[in-house]
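# Examination of the molecular architecture
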Amino acid sequence: VQVKDEVDTSAYLFVHFVGSEKQATDEQIYFSTSTDGLNWSTLNNGSPFLTNTVSNENGVRDPYILRGEDNDYYIIATDLSIVNGNTKNWSTCQTKGSRNIIVWKSSDLKTWTCNTTEAMPEDYGCVWAPEAIWDEVRQEFLVFWASKVREEGEAEARQRIYASHTRDFHTYT
């Protein structure tokens, strides 16, 4: 989280997923805090703080948190679940599933709204590990991620980095 003057800096916030792929709750968003950066306590009694209920994958991985120029917080994440999702194995996820970016927005780190945006066409796979930075020149976010795509003339698809601009995490270039 980018620290601004009015933000309480008495603790670090770690936004993460468990990722063991054993339970449906493992692929959701957890919040943990630490005052020293070494010892962490998971909030919400060890249960997910945010859950993906806006897509058919029903899970979320690879969260990235940032603070926008509007002073709101954003968590962007991979729309993916091996346990819950329609794509139950890694190979299928890379080529046919997980094409959305899940976005949560909050002004206070307590109350969150959520939406999803399809970032890649149906014949492309995986929008994985999205991150974003503020593009000062364009006055909008630059969102980037990895997707597995087979280009014309290639025998196999390869992971490539893609990017898109957005002002609101609803509409992308």
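Relevant structure appears above.
Rules behind the numbers
- Residues numbered from 1 in each chain as written.
- Predicted model: local features only at pLDDT ≥ 70, side-chain atom pairs only at ≥ 80, totals over all residues.
- Heavy atoms only, no water.
- Core = buried A, V, L, I, M, F, W, Y, C linked by side-chain atoms within 4.5 Å.
- Buried < 20%, exposed > 50% of the residue type's maximum accessible area, 1.4 Å probe, protein only.
- Helix = DSSP H or I, 4+ residues; strand = E, 2+ residues; numbered from the N terminus.
- Contact = heavy atoms within 4.5 Å.
- Pairing = 2+ DSSP bridges.
- Axes fitted to C-alpha atoms, helices over the stretch in contact; angles between N-to-C directions.
- Salt bridge = Lys/Arg side-chain N within 4 Å of Asp/Glu carboxyl O.

### Quick notes on the nonpolar core
I76, I101, V143 and F169 are the most contacted members of the largest nonpolar core, which totals 13 residues. Mapped onto this core, the elements with two or more residues apiece are β5 (73–78), β6 (100–106), β8 (125–135) and β9 (140–149). The element best represented in this core is β9, accounting for 4 residues. In contact with I76, other than residues within four places in its own chain, are D62, P63, Y64, I101, I102, V103, P130, E131, A132, V143 and F169. With 12 residues, the next largest nonpolar core counts I29, I65, I75 and W104 among its residues.

### Quick look at the sheet that holds strand β10 (residues 158–166)
Hydrogen bonding along the main chain pairs the strands of a sheet, whether they run parallel or antiparallel. Within the open sheet, the 3 strands sit side by side as β8-β9-β10. Their pairing is antiparallel. Each edge of the sheet is formed by a strand with only one pairing partner; in this case those strands are β8 and β10. Strand-to-strand, the axes of this sheet are offset by a mean angle of 20°, without reference to chain direction. In terms of strand pairing, β9 meets β10 through 9 bridges, oriented antiparallel. Counted as the bridge partner of S147 is R160 from β10.

### Points about the pattern of salt bridges
Following the criterion strictly, the structure yields 8 salt bridges and no others. Ionic pairing is found between R167 and E140, a salt bridge with its closest N-O pair at 3.7 Å. A residue pair is termed long-range when its members are at least 10 positions apart, and R167 in the segment after β10 and E140 in strand β9 qualify at 27 residues. Classification of E140 by relative accessible area gives buried; the value is 7%. Of the charged contacts in the structure, one is a salt bridge between E154 and R158, with a shortest N-O distance of 3.6 Å. Residue R158 is classed as partly exposed on the basis of its relative accessible area, which comes to 49%.

Limitation: the analysis is restricted to geometry and does not speak to function.
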